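Listed below are the residues making up each chain.
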Amino acid sequence: MTTPLLSVEGLGKRYGAQVGCLDVEFELWPGEVLAIAGESGSGKTTLLDCVSGRMQPDAGRVEFNTRHEGMQDIYRMSEPRRRLLARTDWGYVHQNPRDGLRIGVSAGANVGERLMAVGARHYGRIRDTTRDWMGKVELDTARIDDLPATFSGGMQQRLQIARNLVTHPRLMFMDEPTASLDVSVQARLLDLLRGLTRELSLAAIVVTHDLAVARLLAHRLMIMKEGRVVESGLTDQVLDDPQHPYTQLLVSSVLQA
Amino acid sequence: MNHGTAADATAGYNFAYLDEQTKRMIRRAILKAVAIPGYQVPFGSREMPLPYGWGTGGIQVTAAVIGPHDVLKVIDQGSDDTTNAVNIRRFFRATTGVATTERTTEATLIQTRHRIPETPLAEGQILVYQVPIPEPLRWLEPSEAETRRMHALAEYGLMHVKLYEDISRHGKIATTYDYPVRVNGRYLMRPSPIPKFDNPKMDRNPALQLFGAGREKRIYAVPPHTPVKSLDFEDHPFEVQTWDRCCAFCGATDSFLDEIVTDDRGGRMFVCSDTDYCRGRREQAHAAPAPVEKATA
Amino acid sequence: MYVAVKGGETAIENSWKLLAETRRGDPAVPELSLAQIAGQMPLAVARVMGEGSLYDPGLAALAIKQASGDLVEAIFLLRAYRTTLPRIAVSLPLDTSRMALRRRISATFKDLPGGQILGPTYDYTQRLLDFSLAADESGAQATRAGSAAEPVPDAMPRVADLLGDEGLLEAEIPPAGDPEPADLTREPLDFPAARAARLQNLARGDEGFLLALGYSTQRGYAWNHPFSGEIRMGEAAVEIVPEELGFAIDIGEITVTECQMVNQFAGAAGKPPQFTRGYGLVFGASERKAMAMALVDRALRARELSESAGSPAQDEEFVLYHSDNVEASGFVQHLKLPHYVDFQSELELIRKLRAAAGAKDEAA
C-alpha cells in the first residue's frame, strides 16, 4: 500500500482573529488509529471537523483515497459526492450519542438507515444485518425495536457506532467517544472500540482530552496546543518519552491525577 | 360577495378570475413541473376568494389552464355534490361560463380533492389535484431548506426509515392515504390525500396530472404515460385496500367504497365513493346482488 | 332504504341566507355604517389594513362589516380583493423622518429634541369600563382636546440618528448593490430569507402570533435587551415618480406607526460593541403590533449577528411560515371539509390491525 487513506497538508482554519488550527499535516494509513489530544480550546475539534468534511478550512488540503478514483481533495468534490462518502465510506461518532442518532425512531431503524439510504429494499435482510451489527457492538438484539431513549448512555453510544459501521466504512471520525459516559462504562466501550478497529481494519481519528483513551486505542498520537500540533509520534513513545514541554506537562498531570 | 351566475362571467373579473400576468406565471410553473416530473416548483400563489387549505392551489392551476371550450368536472371525496365541489364548480361557472358536467367521460378538465375517478382517463384529459402538504419528507424533516437539499441529492433513505418503522411497529406499512411515490424513477412525491387504493391509477396514466398547493405555494406534475411507483419493500410489497362486499347500489367490486352509518345499532352500508361511476353502472342496469354479509375476523 | 344525499347547492344557498340574517342582527336596530366603523373603530380598521396589506379604510370597514366583526375573516376579504387590483406604480421608500407626527415617545431618553409627544393612546388610561359610553349619544363635546401652546416642532430627529451619530447604534446598510426587495405577494418565500423579505412577512403577520413570539424573547427565549428607542405615529406622504414626469409627486398620505427597538450586542472579534436594531412598521396606530414586529425582527437577525439561535422566535422557517393568519386560518379550518375517504382508509387499517392482534391473543 503506497498511498495513505487520508492525507492532510497545510491545514488551517481561523475564526475571525482567533486561530482554530494552523499548519496541520499528517497522513493516515488503512487500519491506523490516530488520536488527537489536547485541552479544550486546543483546536482538536476544529481539526476533526475540517478533515471529516464538515467544515471547509481556510488553508490547506484534505485528500481521501476513494475506492474508485484514488486520492481526491474532499473539498473540491461536489457536495452530493461528499455527502455520499460521509454516509458510506466514513463514519462519525459524536461525543453525545443523541447528536448521532435519530431519537424518534427505533434502534433497528437507526442502524438500518444508512443501508436504506444506499438502496437496501428488503426489510428482512435489513433486519438481519442490523441484528448482526447490534451483536457486534454487544447490544441485546431483542431490543431492535426499542427507542434509543430507553437505552443507557453507554448503549446509545454502541448504537451510534453500529449505525456508522453498517456500511463498512474504512475511516471513522470520533469526537470524545467516551467523554459523556460513566468511568465504569468507558472502559468497556474502549475495549469494544479497540476490538472493532482491529477486527475490521478500521482507520480512525479520535479526538480526546484523555491520554488514557489515546494510550488504549491509538497507534499514533498528536498533541495540540492553541491550534498547533506541538508533538506527534507513536503513542507509547509520545506518552513515555514526551519531548515538548507542553506534552510533558500533560503527561505528568495525568500521572498525578 | 358575488355569488355569480353565468352572466357575471365577464362582469368586472377577468376570465377565470386571475389576471393574465398571473396565469402566465402559473403556466410557466406548470411547464417547468411537466418538464421535471414530480419536482415541486415554487410559484407566487395568490389569495383567492376561497380560503387557503380549501383548494386554492387546484383552483389556480385550473384557472391557468381552463379555456372557454373546456368541460369542467369538480369532485371532492369522489362526489360532485359535496359542498366544496359545489362551491368550486360555481366559482368557475361564474368566472368562465364554461360547461360543467358530472360525467368523467365528458370532462376535459377534472379538479379533484382526495380521489382519482374510477373511470379510466383518456389522453387529452387533465386531472388537477388539490394538495394540502406537497412535501413528502415534511413529517420527518420540518426544515424546508433541508428537504430541498434532500430532493436535489435524491437522499430519500429517510422515507424508507418511516416505512420500516411502520412494519416493525404494526407489521405492515401504516400509511393508507397520501402514500409516497417515486415519479419517473427520480423524484419522491406526495400524491395528495388520495387513498392508496388510487395510487396505481397514477402509473402511466394517459392523462396529464397536475398538482396545486396554494398555501404552500408549490406546483408539480406527472406528464402522461409516466411511471409512478409506490414505495415499498421487496418483502412487504405495496398493496391496496380491499372490501369484502360490493357497492349496495350498483354491485361494483372494484371501486373504493364509502361506509355509511345507517342506524345506531352498528348498521352499515357500503357505496361507491365515485358517484358518477356508480350512477353509470346503475344506468347500465347492474342490479346489486343481495348484500353479502361475510363474517369479518 | 338509504338514499344518497343530494342537494348540496340548495343547502349552501340557504346557509348564505342564514348568514346574512345573522350578520344584520335585529332589523329594529340601526344598521352599522361604514363611516361609523372607519371613524369609531380605527384600530380594528388599522389591523385589517395592515394584515390585509391594503391601505383603504373604507374597504377595511366594509370587510369588517361583512365579516360580522371577525377581523381575521375581514383580513381575508381584503387580501382576496387585493389580488384583483392592477399594479399602477411602486412608491418611493417612505420617509418617516418627515412624518406629520401626532405621537412620538422614547424610552431611552428622558427628553430629546422635539420632546415626548403623548398623542392619543390608551397607555395612560385606567382600564375602568366607562359606562357613560353605554348611551347611544355619549356627549361628544366633553371629549375635545384643547390646542397646545406651540405646534409640534419641525425638527424631530430620530433617536436612531442621534445614537448613530456617536457610532453607538449600528447603521442600517442596504445589501450590496441595493437590490430591489422581493415581493411576497408575487413570489414565494425563499430560505434563507433576506431581511427585506422577513420584514414584509412580519408586516402582514398576525398580531397575536408576533405578540406571543416577541413576549417569549422578553421571557428569556432569545433575550436581546430591548429598549424602545422611538415610537412614532402620524401621517407619511406617499410619493411616486411617474415615467412621463421624471420627478416625484405626492399622491396622498397614510397613517403609520414606526417602532425602532434598540438592542444590546456583544462585539465580536475585531468589532467594538454597538447597539443593534429591531424594526417595526404598521398601518394606522397599531402600536402593539409595531413593537412586537420589532422584537421578532431583532430575534430573526441572530444568524447575521452571529448569535446562537435556538429559540422559536429565532427560527426563521418557524416564524415566517406560520405568521400569516389567512394561511393559518384556512388550513386549520379546512379540517371541517369532508375527509371521510381518508378516514375510511384508516378505519380499514385499524380494523385489520385489531383483528390481527385479536387473533394473536386467541392463539397465545
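Since we're looking at a predicted model, the values are computed, not measured.

Considerations on the overall build of chain B
Right, on to step 1. Looking only at helices and strands, chain B has seven helices and 12 strands in total.
Right, on to step 2. Here the C-alpha radius of gyration of chain B, 20 Å, is about what a compact globule of 297 residues would show, namely 19 Å.
Right, on to step 3. Structurally, chain B occupies a C-alpha span of about 60 × 50 × 35 Å along its principal axes.
Right, on to step 4. Looking at chain B alone, contacts between residues at least 24 apart form 63% of all its contacts between residues at least 6 apart.
Right, on to step 5. In chain B, which carries 36 positive and 37 negative side-chain charges, the distance between the mean positions of the two groups comes to 4 Å.

Details of the nonpolar core
Right, on to step 1. Ranked by internal contacts, the top residues of the largest apolar core, which has 62 residues, are A:Ile161, A:Leu221, A:Ile223, B:Tyr164 and B:Phe233.
Right, on to step 2. If one sorts the elements of this core by residue count, helix α5 (residues 157-170) of chain B sits on top with six residues.
Right, on to step 3. Residue contacts for A:Ile161: discarding those within four places in its chain leaves A:Val93, A:Val137, A:Leu189, A:Leu193 and A:Leu196.
Right, on to step 4. Of all hydrophobic cores here, the second largest spans 31 residues; its members include B:Leu18, B:Val41, B:Met48 and B:Ile126.

Some remarks on the packing of aromatic side chains
Residues and elements named next belong to chain A.
Right, on to step 1. Counted according to the given criterion, the structure contains 16 aromatic pairs over all chains.
Right, on to step 2. Here the aromatic rings of Phe64 and Trp90 are separated by 5.5 Å at their centres, their planes lie at 85 degrees, and the arrangement is edge-to-face. Separated by 26 residues along the polypeptide, Phe64 in strand β4 (residues 59-66) and Trp90 in strand β6 (residues 90-93) bring together distant segments of the chain.
Right, on to step 3. Under the relative-accessibility criterion, Phe64 is labelled buried at 0%.

Regarding the packing of helix α3 (residues 42-52) of chain C against helix α4 (residues 57-66) of chain C
Residues and elements named next belong to chain C.
Right, on to step 1. Taken N-terminus to C-terminus, the directions of α3 and α4 make an angle of 100 degrees; their axes are 9 Å apart at the nearest point. It follows from the interaxial angle that α3 and α4 lie roughly perpendicular. Residues Ala44, Val45, Val48 and Met49 of α3 form the contact with α4, whose own contacting residues are Pro57, Ala60, Ala61 and Ile64.
Right, on to step 2. In terms of residue class, the contact of α3 with α4 is built from eight nonpolar, no polar and no charged.

Some thoughts on the interface of chain B and chain C
Right, on to step 1. Taken together, the contacts link 65 residues of chain B with 49 residues of chain C.
Right, on to step 2. Interface area for chain B against chain C, summed over the two sides, is near 4800 Å², with a carbon-plus-sulfur share of 57%.
Right, on to step 3. Our enumeration of links across chain B and chain C arrives at eight salt bridges.
Right, on to step 4. Elements represented by at least two residues in the side of chain B that touches chain C include exactly α3 (83-96), α4 (144-152), β11 (257-261) and β12 (268-272) of chain B.
Right, on to step 5. Per-class residue counts for the side of chain B that touches chain C are 29 nonpolar, 16 polar and 20 charged.

Brief notes about the sheet that holds strand β1 (residues 100-105) of chain C
Residue and element names in this part refer to chain C.
Right, on to step 1. In spatial order, the strands read β1-β2-β3-β4; together these four strands make up an open sheet with antiparallel pairing. Strands with a single pairing partner mark the edges of an open sheet, and in this sheet they are β1 and β4 (276-283). For this sheet the average axis-to-axis angle between neighbouring strands, irrespective of direction, equals 20 degrees.
Right, on to step 2. Pairing of strand β2 (residues 227-240) with strand β3 (residues 249-263), which is carried by 13 bridges, proceeds in the antiparallel orientation. Directly across from Glu230, in β3, lies its bridge partner Gln260.

Some details on the pairing of strand β2 (residues 71-76) of chain B
Residues and elements named next belong to chain B.
Right, on to step 1. Counting buried positions along β2 yields six of six residues, so the element is predominantly enclosed.
Right, on to step 2. Neither face of β2 is left uncovered, since the one carrying Val71, Lys73 and Ile75 and the one carrying Leu72, Val74 and Asp76 both have all their residues buried.
Right, on to step 3. With two bridges connecting them, β2 and strand β3 (residues 99-100) associate as parallel partners. Across the sheet, the residue bridging to Val71 is Ala99, located in β3.
Right, on to step 4. Handedness of the crossover is the feature at issue here: the chain leaves β2, passes through α3, returns alongside β3, and the resulting connection is right-handed.
Right, on to step 5. Bridging between β2 and strand β4 (residues 109-113) involves five bridges; their strand directions are parallel. Within β4, the position partnered with Leu72 by the bridge is Leu109.

Observations regarding α4(C)
Residue and element names in this part refer to chain C.
Right, on to step 1. Of the positions making up α4, those classed as buried are Ala60, Ala61, Ala63, Ile64 and Lys65.
Right, on to step 2. Looking at the buried side of α4, the elements it contacts are α1 (8-24), α2 (34-40), α3 and α5 (71-83).
Right, on to step 3. Its side-chain oxygen at 3.1 Å from the backbone nitrogen of Gly58, Asp56 defines the N-terminal cap of α4.
Right, on to step 4. Immediately downstream of α4, the backbone of Ser68 shows phi near 55 degrees, a positive value.

Considerations on the confidence of the model for chain B
Any segment with low pLDDT has predicted coordinates that should not be analysed in fine detail.
All names here are of chain B.
Right, on to step 1. Overall, the prediction assigns chain B a mean pLDDT of 90, with 92% of residues at 70 or greater.
Right, on to step 2. Counting interchain partners and residues more than four positions distant, the pLDDT-below-50 stretch residues 1-10 has 15 contacts.
Right, on to step 3. Note on residues 293-297: pLDDT under 50 across the span, and four contacts to partners over four residues away in sequence or across chains.
Right, on to step 4. Predicted as a complex, the structure gets a pTM of 0.83 and an ipTM equal to 0.86.

Some remarks on the state of the cysteines
Right, on to step 1. Tallying each qualifying case throughout the model produces zero disulfides over all chains.
Right, on to step 2. Distance from the sulfur of B:Cys247, which forms no disulfide, to the nearest cysteine sulfur (B:Cys278) is 3.7 Å.

Details of the side chain of B:Asp70
Residue and element names in this part refer to chain B.
Right, on to step 1. Its location among the elements puts Asp70 in the loop between α2 (56-65) and β2.
Right, on to step 2. Despite being buried, Asp70 has no salt bridge partner; Arg27 is the closest side chain of opposite charge, sitting 9.3 Å away.
Right, on to step 3. Separated by 2.7 Å, the side chain of Asp70 and the backbone nitrogen of Gly67 make a polar contact.
Right, on to step 4. A polar contact is formed between the side chain of Asp70 and the side chain of Thr108, at a distance of 2.6 Å.
Right, on to step 5. The contacts of Asp70, once residues within four sequence positions are left out, are Val65, Val98, Ala99, Thr108 and Leu109.

Some thoughts on the pattern of salt bridges
Residues and elements named next belong to chain A.
Right, on to step 1. In total, this model carries 81 salt bridges over all chains according to the counting rule given.
Right, on to step 2. In this structure, the salt-bridge partner of Arg143 is Asp146, at a minimum N-O distance of 2.8 Å.
Right, on to step 3. Under the relative-accessibility criterion, Asp146 is labelled partly exposed at 28%.

A closer look at the environment of A:Leu249
Right, on to step 1. As for its placement among the helices and strands, A:Leu249 is situated in helix α9 (residues 245-256).
Right, on to step 2. Remark: the alpha-carbon pair of A:Leu249 and A:Ala117, spanning 132 residues in sequence, is separated by 46 Å.

Section: the sheet that holds strand β10 (residues 228-230) of chain B
Residue and element names in this part refer to chain B.
Right, on to step 1. With respect to topology, three strands assemble into an open sheet ordered β7-β6-β10, the strand pairing being antiparallel. Each edge of the sheet is formed by a strand with only one pairing partner; in this case those strands are β7 (187-189) and β10. This sheet shows a mean twist of 30 degrees between the axes of neighbouring strands, independent of strand direction.

Observations regarding empty space enclosed by the protein
Gaps left between atoms are located by rolling a probe of water-molecule size over the structure's atoms.
Residues and elements named next belong to chain B.
Right, on to step 1. Following the criterion strictly, the structure yields four cavities of 30 Å³ or more and no others.
Right, on to step 2. Quantified by volume, the largest cavity comes out at close to 120 Å³.
Right, on to step 3. Looking at the largest cavity, it is lined by 15 residues, and the ones nearest its centre are Gly53, Gly55, Gln130, Val131 and Pro132.
Right, on to step 4. Considering each element in turn, the lining of the largest cavity owes the most residues, three residues, to α2.
Right, on to step 5. Among the residues forming the lining of the largest cavity, the class breakdown is three nonpolar, 10 polar and two charged.

Here we look at unusual backbone geometry
All names here are of chain C.
Right, on to step 1. For the peptide bond that leads from Phe191 to Pro192, omega is -5 degrees, which places it in the cis range.
Right, on to step 2. With respect to the element layout, Pro192 can be found in the loop between α6 (159-165) and α7 (195-203).
Right, on to step 3. Although it is not a glycine, His225 adopts a positive phi angle of roughly 50 degrees.
Right, on to step 4. Relative to the helices and strands, His225 resides in the loop between α8 (207-218) and β2.

How each quantity is defined
- Residues numbered from 1 in each chain as written.
- Chains lettered and ligands numbered in written order.
- Predicted model: local features only at pLDDT ≥ 70, side-chain atom pairs only at ≥ 80, totals over all residues.
- Heavy atoms only, no water.
- Helix = DSSP H or I, 4+ residues; strand = E, 2+ residues; numbered from the N terminus.
- Rg over C-alpha atoms; globule rule 2.2 N^0.38 Å.
- Contact = heavy atoms within 4.5 Å.
- Lys, Arg positive; Asp, Glu negative; His and termini not counted.
- Charge placed at Lys NZ, Arg CZ, Asp CG, Glu CD.
- Core = buried A, V, L, I, M, F, W, Y, C linked by side-chain atoms within 4.5 Å.
- Buried < 20%, exposed > 50% of the residue type's maximum accessible area, 1.4 Å probe, protein only.
- Phe/Tyr/Trp six-rings, centres within 6.5 Å; stacked < 30°, edge-to-face > 60°.
- Axes fitted to C-alpha atoms, helices over the stretch in contact; angles between N-to-C directions.
- Parallel < 35°, antiparallel > 145°, perpendicular 65-115°, else oblique.
- Nonpolar A, V, L, I, M, F, W, Y, C, P; charged D, E, K, R; others polar.
- Buried area = accessible area lost by both parts, 1.4 Å probe.
- Salt bridge = Lys/Arg side-chain N within 4 Å of Asp/Glu carboxyl O.
- Pairing = 2+ DSSP bridges.
- Right-handed = clockwise from strand over helix to strand, strands pointing away.
- Polar contact = N/O pair within 3.5 Å; in protein donor to acceptor, adjacent residues only side chain to side chain.
- pLDDT = per-residue confidence, 0-100.
- Disulfide = S-S within 2.5 Å.
- 1 Å grid on protein atoms, 1.4 Å probe; cavity = no way out; pocket = protein on both sides within 12 Å on 5 of 7 lines; lining within 4 Å.
- Points joined across faces, edges and corners; volume = space filled by probe spheres on them.

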